[in-house]
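These are the residues of each chain, in order.
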Amino acid sequence: MNKAAFHEVVKSGPPPGLLAFMAIWPWAGVSLPPRDALPWLDRAWRLRRVDDVPVWSISCFYIRKGYHQQGVTSALIAAALKTAKSAGAPALEAYPLDAD
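The text that follows walks through the structure, step by step, so that each part is easy to find. (Residues numbered from 1 in each chain as written. Predicted model: local features only at pLDDT ≥ 70, side-chain atom pairs only at ≥ 80, totals over all residues. Heavy atoms only, no water.)

## Details of the overall build of the chain
Turning to step 1, where the next piece is worked out: From N to C terminus, the chain includes two helices and five strands.
Turning to step 2, where the next piece is worked out: Counting from the amino terminus, the chain carries its helices and strands in the arrangement α-β-β-β-β-α-β.
Turning to step 3, where the next piece is worked out: Here the analysis covers contacts within the chain between residues at least 6 apart in sequence; of these, 53% occur between residues at least 24 apart.
Turning to step 4, where the next piece is worked out: Counting every atom, the chain has about 7600 Å² of accessible surface; 60% of that belongs to carbon and sulfur. (Helix = DSSP H or I, 4+ residues; strand = E, 2+ residues; numbered from the N terminus. Contact = heavy atoms within 4.5 Å. Areas by Shrake-Rupley, 256 points an atom, 1.4 Å probe, with all protein chains shown as cover.)

## Quick word on the pattern of salt bridges
Turning to step 1, where the next piece is worked out: Under the criterion given, the structure shown has four salt bridges.
Turning to step 2, where the next piece is worked out: Between arginine 35 and aspartate 42 there is a salt bridge, with the nearest N and O atoms lying 2.8 Å from each other.
Turning to step 3, where the next piece is worked out: Residue arginine 35 is classed as buried on the basis of its relative accessible area, which comes to 3%.
Turning to step 4, where the next piece is worked out: The closest approach of N and O atoms between arginine 49 and aspartate 36, which form a salt bridge, is 2.5 Å. (Salt bridge = Lys/Arg side-chain N within 4 Å of Asp/Glu carboxyl O. Buried < 20%, exposed > 50% of the residue type's maximum accessible area, 1.4 Å probe, protein only.)

## Concerning the environment of serine 57
Turning to step 1, where the next piece is worked out: Checked against the element boundaries, serine 57 lands in strand E3 (residues 56-58).
Turning to step 2, where the next piece is worked out: For the pair formed by serine 57 and tyrosine 95, sequence separation is 38 residues and the distance between their alpha carbons is 8.3 Å.
Turning to step 3, where the next piece is worked out: In this structure, serine 57 is in contact with Ser31, Leu32, Pro33, Arg35, Leu38, Leu41, Leu92, Glu93 and Tyr95, ignoring residues within four places of it in sequence.
Turning to step 4, where the next piece is worked out: Within the local environment of serine 57, its side chain forms a polar contact with the side chain of tyrosine 95, the two groups lying 2.6 Å apart. (Polar contact = N/O pair within 3.5 Å; in protein donor to acceptor, adjacent residues only side chain to side chain.)

## Focus on the nonpolar core
Looking at soluble globular proteins, one finds that nonpolar side chains tend to be buried together.
Turning to step 1, where the next piece is worked out: Membership of the largest hydrophobic core comes to 13 residues, with the highest contact counts inside it found for Ala28, Val72 and Leu76.
Turning to step 2, where the next piece is worked out: Mapped onto this core, the elements with two or more residues apiece are strand E2 (25-31), E3 and helix H2 (72-86).
Turning to step 3, where the next piece is worked out: Sorting elements by how many residues they give to this core places H2 first, with four residues.
Turning to step 4, where the next piece is worked out: When residues no more than four places from it in sequence are discounted, the contact partners of alanine 28 are Leu18, Leu19, Ala20, Tyr62, Ile63, Val72 and Leu76. (Core = buried A, V, L, I, M, F, W, Y, C linked by side-chain atoms within 4.5 Å.)

## Brief notes about the sheet that holds strand E4 (residues 60-63)
Turning to step 1, where the next piece is worked out: Pairing in this open sheet of three strands is antiparallel, and the strands run E1-E2-E4 from one edge to the other. Two strands bound the open sheet, and with one partner strand each, they are strand E1 (17-22) and E4. In this sheet, neighbouring strand axes are inclined to one another by 20° on average, regardless of whether the strands run parallel or antiparallel.
Turning to step 2, where the next piece is worked out: Sheet analysis places E2 next to E4, joined by four bridges and oriented antiparallel. Paired with serine 31 across the strands is cysteine 60, a residue of E4.
Turning to step 3, where the next piece is worked out: Most of the contacts of H2 go to E4, to which it runs at about 135°, and overall it touches E1, E2 and E4. (Pairing = 2+ DSSP bridges. Axes fitted to C-alpha atoms, helices over the stretch in contact; angles between N-to-C directions.)

## Observations concerning the pairing of E2
Turning to step 1, where the next piece is worked out: With five of its seven residues buried, E2 lies for the most part within the structure.
Turning to step 2, where the next piece is worked out: Note that E1 and E2 share six bridges and pair antiparallel. Bridging across to E2, alanine 20 finds its partner in alanine 28.
Turning to step 3, where the next piece is worked out: Where E1 folds back on E2, the antiparallel hairpin that results is connected by two residues, among which alanine 23 adopts a positive phi of roughly 60°.

Written as structure tokens, this is what we have:
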């Protein structure tokens, strides 16, 4: 998603995910919308729905350069699980794909 499109998603709400901050600077984030907000998932055969449960989706991570391999992704996953549970999401799914 390009910067302008992401700005529109943020502006129109609900919040599309979580950010991690160090001091005042965001340095990591995870996309965490309900799956229905990501219609492109159903166009990819590997990512199509398996049932009609209204799950939330972890579809993207961003970790600032220099902070990889420090447990940031694990912390974001834990926060995403907590956030989804608090919001009443029945399940949370993710789509790990190996680019190779």
